[in-house]
Every structure is written in structure tokens, then in C-alpha cells.
Amino acid sequence: MIITIDGPVATGKSTIAKKLAQAVGYIYYDTGAMYRAVAYAALQKKIDVNDPKALDELLKDFDFRIKFNRGERGYYLNGQDITDAIRKEEVSNFASKVSAIPQVREKLVSLQRQLAQGLNAVFEGRDMGTVVFPNANLKIFLTGRDDIRAKRRFDELRGKYPEETKDLTQEQVLKDLHERDEYDMNRQYSPLKKAEDAFEIDTSDLTIDEIVFKILECRDLAAQAAKKKKQ
Ligand code: DC
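The terminal C-alpha atoms of helix H2 (residues 32–44), which comprises 13 residues, lie 18 Å apart, in line with the 18 Å expected from a rise of 1.5 Å per residue. Of all 13 residues that make up H2, 10 are buried, and the element is covered over most of its length. Those residues of H2 that sit buried are Ala33, Met34, Tyr35, Arg36, Ala37, Val38, Ala39, Tyr40, Ala41 and Ala42. Where H2 terminates, the next one or two residues include Lys46, which has phi positive at roughly 50°.

Following this line, the structure appears as C-alpha cells:
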């Protein structure tokens, strides 16, 4: 069984996917981390991502792994721990650009489908319900008001990187968030959009537990609908 969660920046996708996966005993995948890892590698190696040959080389060597250490997940690229590095603003902004390139999407979509083989899993990203798993058993699309999303992201960044974000303002975070959403929604390939058969949940005024509860209700509705369709 596959559950997909899509939605714009800072709607709580990762936190919710993690909590939901725990509640139902599934594995969860944060596919944004893969796009971030490609962006990180390109920045590190100073690769021109518009050069298809150079990008091809980078993708050929792309060995992305998730490892668990005392319950915490760590992301590794070719053996290097990149868990924290891929959350920095520079990588976030470049990940949005990199994820618009068809060559990158092809590679990562194929990896994501391989990962899902024979698993019960929650996959979280932007095109999970529309492109990667069009036949998912349950599709969720999360939304949230701008002010709430900006505050969430601002608090997260300030908490994680107090030194680097000393001069950061919530207005700047809101601007970056808009830019990334615009880019993700308007790119030519696999733009961010709600799948027709996805349940939409506005997360602005709900706690994480309330959202997970709502998703479990949606799961029951989806199961009933699937049963009816079979009869
Ligand atoms: O969810 P995130 O912020 O970690 O994602 C980083 C970037 O990757 C974001 O700009 C959108 C892109 N992305 C994507 O295009 N498709 C996905 N399935 C996941 C993320």
C-alpha cells in the first residue's frame, strides 16, 4: 500500500508523513531530500546543471542512502553525511531549480519507484500522487496559509541555524517560500499540483495529531470508495 503526500513548502509534509508512517507502521520517504542531494552535489562539484553531459556524470554517480542511527534518520550521498547540509537555504533554493530539469526527474522518479517495490510506504513530495504513484491507494494534498507557513519555516531555520540566520526576517522567508512555490508550480515537467483524486487538507489551524487523524479518516473513505468500485 502506498500513501502519497504532496503540497507546497512548509505545509508540514515531512513531519506529518513521519507521524503517519509511525501510526500505521509504514516506512516513509521524503523525496525532497533526493532533489536537495542532487542540488548539493552540483553545488559542491561546481557543475553546470545546464550542461547535459556534466549532469549525466553527476547522476551516474548518485548513490543516495538513508541510514538510521538511534531512531534518527540520516541522509548520505556517496558515503558522506549530508543530513544537515541539504537543509541550508542555498541548497533549498537551488533544489527548486534542479528539480525542474527533466533529466534529474527521470532519474529520481525511477529511483523512487524502485524504492517502493513491495513496500507499505508513505511518500512525500510534489508529484507523488500525480506522476510517481498515480495508482496510490491514498493521496493527500496539504495546503496552508502563507503567514503560518512562513512562520513555521522561519522558526525552523532560526532553531536549526541560529548563527547563520541572525539577520533573517520572516518577510524574507515568505519571499523565498513564494519564489520556490511559484517555480515548483509553474515548471514544465511534473509541476506541483493536486491530483484529481487527492484529499485536500488545510493544515493552518490544525495540530499534527489532528492532521494525522484526518488522514486516517481519508484512508477509510478511500478504502470504501475502492471497494465500491470493485463491486
Ligand atoms: O520538500 P522539499 O522542500 O525538501 O523539496 C526540495 C525541492 O525539491 C523543492 O523545491 C521541490 C522539489 N521537489 C520536487 O520537485 N519533487 C518532489 N517529489 C520533491 C521535491
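This is not the end of the story, as more comes after the structure.
Looking now at the nonpolar core. In this structure, Ile5, Val104, Val122 and Ile215 are the most contacted members of the largest nonpolar core, which totals 56 residues. Tallying contributions element by element places H2 first for this core, with nine residues. Core analysis: the next-biggest nonpolar cluster, separate from the first, contains eight residues, Ala10, Tyr161, Leu168 and Leu177 among them.

This part covers the site of the ligand. Taken together, 16 residues lie around the ligand, and Arg36, Arg105, Arg126, Asp127 and Arg187 are the ones closest in. Between an oxygen atom of the ligand and a side-chain N or O atom of Ser99, the distance comes to 3.5 Å. The contact in question runs from a nitrogen atom of the ligand to an N or O atom on the side chain of Asp127, over 2.9 Å. Because more than half of its atoms lie within 2 Å of the grid, the ligand is assigned to the largest pocket. Elements that contribute at least two residues to the shell around the ligand include exactly H2, helix H4 (89–98) and helix H8 (170–186).

In spatial order, the strands read E3-E4-E5; together these three strands make up an open sheet with antiparallel pairing. Two strands lie at the open edges of the sheet, namely strand E3 (64–69) and strand E5 (80–81), each paired on one side alone. As paired elements, strand E4 (residues 72–77) and E5 share two bridges and run antiparallel to each other. By the bridge assignment, Tyr76 is partnered in E5 with Asp81.

Applying the stated criterion to the full structure yields 18 salt bridges. A salt bridge links Arg149 to Asp181, with the nearest nitrogen and oxygen atoms 2.9 Å apart. Taken together, the positions of Arg149 in helix H7 (residues 146–160) and Asp181 in helix H8 put the pair 32 residues apart, joining distant regions of the chain. Within the structure, one salt-bridge network assembled from shared partners comprises Arg126, Asp184 and Arg187.

Contact pair H7 / H8: the axes reach a minimum separation of 9 Å and the direction vectors enclose 110°. On the basis of their axis angle, the class for H7 and H8 is roughly perpendicular. The two elements H7 and H8 meet at a crossing, and its hand is right-handed. For the pair H7 and H8, contact is made by Asp146, Asp147, Arg149, Ala150, Lys151, Arg153 and Phe154 and by Gln170, Val173, Leu174, Leu177, His178, Arg180 and Asp181, respectively. Considered class by class, the residues forming the contact of H7 with H8 number five nonpolar, two polar and seven charged.

What counts, and where the lines are drawn
- Residues numbered from 1 in each chain as written.
- Predicted model: local features only at pLDDT ≥ 70, side-chain atom pairs only at ≥ 80, totals over all residues.
- Heavy atoms only, no water.
- Helix = DSSP H or I, 4+ residues; strand = E, 2+ residues; numbered from the N terminus.
- Expected span 1.5 Å × (residues − 1).
- Buried < 20%, exposed > 50% of the residue type's maximum accessible area, 1.4 Å probe, protein only.
- Core = buried A, V, L, I, M, F, W, Y, C linked by side-chain atoms within 4.5 Å.
- Near = heavy atom within 4 Å.
- Polar contact = N/O pair within 3.5 Å; in protein donor to acceptor, adjacent residues only side chain to side chain.
- 1 Å grid on protein atoms, 1.4 Å probe; cavity = no way out; pocket = protein on both sides within 12 Å on 5 of 7 lines; lining within 4 Å.
- Sits in = over half its atoms within 2 Å of the grid points.
- Pairing = 2+ DSSP bridges.
- Salt bridge = Lys/Arg side-chain N within 4 Å of Asp/Glu carboxyl O.
- Axes fitted to C-alpha atoms, helices over the stretch in contact; angles between N-to-C directions.
- Parallel < 35°, antiparallel > 145°, perpendicular 65-115°, else oblique.
- Left-handed = near helix turned anticlockwise from the far one by under 90°.
- Contact = heavy atoms within 4.5 Å.
- Nonpolar A, V, L, I, M, F, W, Y, C, P; charged D, E, K, R; others polar.

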